[in-house]
Amino acid sequence: MDREAGKKIVKQLLGTVSFDAVLVLSGTRCIGQNAMAREFLGFSDEDIFNKKVADFTVNYSREQLENALCSEDIQQVEGAAITAKELVFPCAFLIRRTHYEGVPLNLLAIRNIASANAVEDELKERIREIEIITESIPNSIWKAQIDNEGKLSNTFISTSSNNLLNVPKGTILNSWEKFFSYVCPEYLPSIKNMLARGVENPGRIYTIEYRVKKGDGQLAWFCSRGMVIQRSSGNYAYGFTYDITHQKKVEEQLKISEKKFRLLVEKNPDGVVLINRKGKIVEWNKAIENITGVPAAEALNVLYWDLATNLLLDSDDRERFRSELQRLIQGTFAGENQEWLYQLHESEHKMVDGTEKNLASKHFEISADNKKFLCVLVRDVSESKRQELRLKELNETKDKFFSIISHDLKNPFTAFMGFSELMLRQMEKGQYENIDKYANAIFATARQGGELLTNLLDWSRSQRGEMKFMPEKLSAHHTIQSCLNFYQEYARNKELEIDAQVSCDFDFVADKNMIESVLRNLLNNAIKFSRRGDTVIVHGTYEGESAVFFVQDFGVGMPEEVQKELFKLSFHYSEPGTEREHGTGLGLMLCKEFVDYHHGTITVESRQDIGTKMVVSIPQKMSKE
């Protein structure tokens, strides 16, 4: 069959068909094409003539197409076509057997489904996004087809309904029967009646409250809000369900206490504001006066959203804040915007006296004198916010502190093992000339570790509240001597002279363990940073109404910037001593804490390469509680 005959056949068989690309095949060879095929595949009539199906389809499509071409029935095959520019498109092939003047022919329609697949993939992605959103919302979202009698079918209920009912995941599974099995039976007729009214009044929002018995046996109040929408395929009900148990409890409490309402408002430590349907303030209690500085005379009969906006800190969002607050309040009285009630809202405001405060507010509906009001409870949470920030800072500081401790505590044990191993090796070889040096090193390391453990245990007990403050009458001379005895060997090994002075021995009142710990730490630091042959002074005196002790060395001193941060927990200062003695960075912080127990002071005077003087003052008018 030549090309001209093929064109004639195409014209008579296809006519004006333009919605699909169509090829006319004799067997598996093409004898003609319509305009859509010419545009889609890009082959001219001359180029397409006598081409096999295999010439413009991919491998996985060919066998199915060739089998379909042999069938007398209409066949549809999905595969891919190759254009004249060698571009590949996913396609649907529709094959139909026909006859022309007694000659059997095949009509092959080709439809590009690439865009359809993309739309389908995008639709699936959007559906998955919706599923993720609905699963994340704590309230239960639902949809169902509904007939004129209120019967539900084709149901969707979000998985959050399982959490609402305290039942295992997968219990409800889009089943109204299972959901309604948890509803107290006496409320089922009301629910059915609401659905029937929804069908009669499509587009109108209906709300119903009812009781349920949750999976754990607890009784709770639920609220369902929804509407019926008419579509060509039928009526559909859409809505959501949420737990209002807390709200119902509040309402019941308010009903019980309605007679005592005025007393409750006046005595309430939180600010109480009552707003009427017009949005005007009708109640402004004493607590809210104290919080805002606005007297009741200036607040009553003022629009709540105006007053609240005036108190808002300078912001570009003032008008948006006012409009949103107005919308929420007016909508609440109209039976809308119920979802924002009973939720805690925090914002920053500037008071009449110019101070800035963090205010937390909660809104709920109440009834008084047979009228409906919106009640706002306001609390100043500025201090708690500051405490939260302070607590966060303290926790971060303590984390840093324990990190330092864990590092310093490891060093003495490493030194123990190292020097002990050297001693064992020397003794195995019968070499004893360096044993005393290793023993001294082990002794110094043990002293350092003991110092760290003592300070750490004391600090830990103090933080846990186990450190009892027990002041008693003490002798200044005996207190200083006790500390000297503790470090006498350390000072002797470093060839230091300790000058202990007590101005005519006096008695003073302090906690024995704490004050000795303070003086020991100060003395240890003085010896540590003194040069061999130096003098360390430990002095005690009575000045005014305070017992004053100071420990002074003439060693390396410290920079001024270090002195300013020395007693802060977040600051870690641990320099090696003049003979490479290691410290913990903990002793001075512990000294500060113990001195604070006595309501005393600890100060530092230091100059680099000249020395350091640490002064402790303990007032003698202390409570013995």
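First things first, this report covers the structure right here in the doc. (Residues numbered from 1 in each chain as written. Predicted model: local features only at pLDDT ≥ 70, side-chain atom pairs only at ≥ 80, totals over all residues. Heavy atoms only, no water.)

Turning next to the overall build of the protein chain. For the protein chain, the count of helices and strands is 20 helices and 22 strands. Going through the 625 residues of the protein chain one by one, you find that 43% of them count as buried. In the protein chain, the share of contacts with a sequence separation of at least 24, taken over all contacts with a separation of at least 6, comes to 54%. Of the roughly 35300 Å² of accessible surface on the protein chain, a fraction of 51% belongs to carbon and sulfur atoms. (Helix = DSSP H or I, 4+ residues; strand = E, 2+ residues; numbered from the N terminus. Buried < 20%, exposed > 50% of the residue type's maximum accessible area, 1.4 Å probe, protein only. Contact = heavy atoms within 4.5 Å. Areas by Shrake-Rupley, 256 points an atom, 1.4 Å probe, with all protein chains shown as cover.)

A word on the packing of aromatic side chains. In this description, an aromatic ring pair is defined by two values, namely the gap between the centres and the angle between the planes. Applying the stated criterion to the full structure yields 16 aromatic pairs. Seen in terms of ring centroids, F40 and F89 are 5.9 Å apart; in terms of plane orientation they differ by 50°. Their pairing is tilted. Pair noted here: F40 is in helix α2 (residues 35-41) and F89 is in strand β4 (residues 88-100), with a separation of 49 residues, a long-range link. With a centroid separation of 6.3 Å and an interplanar angle of 50°, the aromatic rings of Y487 and Y490 are classed as tilted. Of this pair, Y487 and Y490 both sit in helix α17 (residues 476-493), 3 residues apart, which is roughly one turn of that helix. Of the two residues, Y487 and Y490, both sit in the buried class. Here a set of aromatic residues connected by ring pairs shows up, and it is made of W142, W176, F179 and F180. Between the NZ or CZ atom of R231 and the centre of the ring of Y236, over which it lies, the distance is 4.6 Å. (Phe/Tyr/Trp six-rings, centres within 6.5 Å; stacked < 30°, edge-to-face > 60°. Lys NZ or Arg CZ within 6 Å of the ring centre and 35° of its normal.)

Examined bridge by bridge, strand β11 (residues 271-275) and strand β12 (residues 281-284) share 3 bridges and lie antiparallel to one another. When the sheet's bridge partners are listed, I275 is paired in β12 with I281. Where β11 folds back on β12, the antiparallel hairpin that results is connected by 5 residues, among which G279 adopts a positive phi of roughly 85°. (Pairing = 2+ DSSP bridges.)

When two helices pack together, their arrangement is given by the angle between their axes and by how far apart the axes lie. Remark: helix α13 (residues 304-311) packs on helix α14 (residues 318-333), axes separated minimally by 9 Å, with the N-to-C direction vectors making an angle of 150°. It follows from the interaxial angle that α13 and α14 lie roughly antiparallel. Crossing of α13 over α14 shows right-handed handedness. In contact with Y304, W305, D306, A308, T309 and N310 of α13, α14 contributes R318, F321, R322, L325, Q326, I329 and Q330. (Axes fitted to C-alpha atoms, helices over the stretch in contact; angles between N-to-C directions. Parallel < 35°, antiparallel > 145°, perpendicular 65-115°, else oblique. Left-handed = near helix turned anticlockwise from the far one by under 90°.)

The 5 strands are arranged β7-β6-β10-β9-β8 in an open sheet whose pairing can be described as antiparallel. Of all the strands in the sheet, the pair left with one neighbour each is β7 (152-157) and β8 (206-213). Adjacent strand axes in the sheet meet at a mean angle of 25° when their direction is disregarded. For β8 and strand β9 (residues 219-231), the ladder comprises 8 bridges, and the chain directions are antiparallel.

Looking now at helix α20 (residues 587-597). With 8 of 11 residues buried, α20 is to be regarded as a mostly interior element. Downstream of α20 by one or two residues, H599 has phi in the positive range, about 60°.

With that out of the way, let us pick up the nonpolar core. Membership of the largest hydrophobic core comes to 40 residues, with the highest contact counts inside it found for F508, L522, F549 and I602. Residue assignment for this core shows that the elements contributing at least two residues are α17, β18 (507-511), α18 (512-528), β19 (535-543), β20 (546-553), α20, β21 (601-607) and β22 (611-619). Take this core: its biggest share by element is 8 residues, from α18. In this structure I602 touches L522, F567, C591, K592, V595, M614, V615 and V616, once residues within four positions along its chain are discounted. Membership of the second largest hydrophobic core comes to 34 residues, among which are V265, A296, I366 and V378. (Core = buried A, V, L, I, M, F, W, Y, C linked by side-chain atoms within 4.5 Å.)

Attention shifts here to empty space enclosed by the protein. One pass over the full model with this rule turns up 5 cavities of 30 Å³ or more. Its boundaries defined by the atoms lining it, the largest cavity holds a volume of some 110 Å³. W142, L152, W176, F179, F180, I191, M194, L195, I208, Y210, S224 and T241 are the residues that line the largest cavity. At the level of elements, α7 (176-180), α8 (188-200) and β8 are the ones that each hand at least two residues to the lining of the largest cavity. Taken together, the residues of the lining of the largest cavity break down into 10 nonpolar, 2 polar and no charged. (1 Å grid on protein atoms, 1.4 Å probe; cavity = no way out; pocket = protein on both sides within 12 Å on 5 of 7 lines; lining within 4 Å. Points joined across faces, edges and corners; volume = space filled by probe spheres on them. Nonpolar A, V, L, I, M, F, W, Y, C, P; charged D, E, K, R; others polar.)

Moving on, we get to unusual backbone geometry. The backbone of L173 shows a phi angle near 50°, a positive value even though the residue is not glycine. Within the secondary structure layout, L173 lies in the loop between α6 (160-164) and α7. In this structure, Y342 takes a positive phi of about 65° despite not being glycine. Structurally, Y342 can be placed in the loop between α14 and β13 (344-350). On the basis of relative accessible area, Y342 is assigned to the buried category, the value being 14%.

Where strands meet in a sheet, backbone hydrogen bonds hold them as pairs that are either parallel or antiparallel. Reading across from one edge, β17-β19-β20-β22-β21 is the order of the 5 strands in this open sheet, with mixed pairing throughout. The sheet is open, and its two edges are formed by β17 (497-502) and β21, each paired on a single side. The average angle at which neighbouring strand axes cross in this sheet is 10°, direction not considered. Examined bridge by bridge, β19 and β20 share 7 bridges and lie antiparallel to one another. Residue pairing for β20: T541 is matched across the bridge by V548. Packed onto the sheet, α18 meets β17, β19, β20, β21 and β22 and runs at close to 20° relative to β20.

Let us now look at the pattern of salt bridges. Applying the stated rule across the entire model yields 18 salt bridges. Across the pair K357 and D380 runs a salt bridge, and its minimum N-O distance is 3.9 Å. Remark: D380 occurs in strand β15 (residues 371-380) and K357 occurs in strand β14 (residues 356-368); sequence separation between them is 23 residues. D380 gets classed as partly exposed once you look at its relative accessible area, which sits at 32%. (Salt bridge = Lys/Arg side-chain N within 4 Å of Asp/Glu carboxyl O.)

What follows covers the packing of α17 against α18. Viewed as axis vectors pointing N to C, α17 and α18 meet at an angle of 35°, and their least axial separation amounts to 9 Å. In the crossing of α17 with α18, the sense of the turn from one axis to the other is right-handed. Across the interface between the two elements, T479, S482, C483, L484, F486, Y487, Y490 and A491 of α17 pack against I515, E516, L519, R520, L523, N524, I527 and K528 of α18. Classifying every residue of the contact of α17 with α18 gives 10 nonpolar, 3 polar and 3 charged.

Right, let's get into the side chain of S382. Turning to its location among the elements, S382 is positioned in helix α15 (residues 382-428). At 2.8 Å, the side chain of S382 forms a polar contact with the backbone nitrogen of N358. Leaving out residues up to four positions away in the same chain, S382 has contacts with E356, K357 and N358. (Polar contact = N/O pair within 3.5 Å; in protein donor to acceptor, adjacent residues only side chain to side chain.)

Here helix α4 (residues 59-69) has its buried residues at S61, L65, A68 and L69. Looking straight down α4, one finds that the buried residues subtend no more than 95° of arc, so they occupy a single side. Counted as exposed and oriented over 90 degrees from the buried face of α4: N59, Y60, E63 and N67. The inward-facing, buried residues of α4 abut β1 (21-26), β3 (75-82), β4 and β5 (103-112). (Arc of directions from axis to C-beta.)

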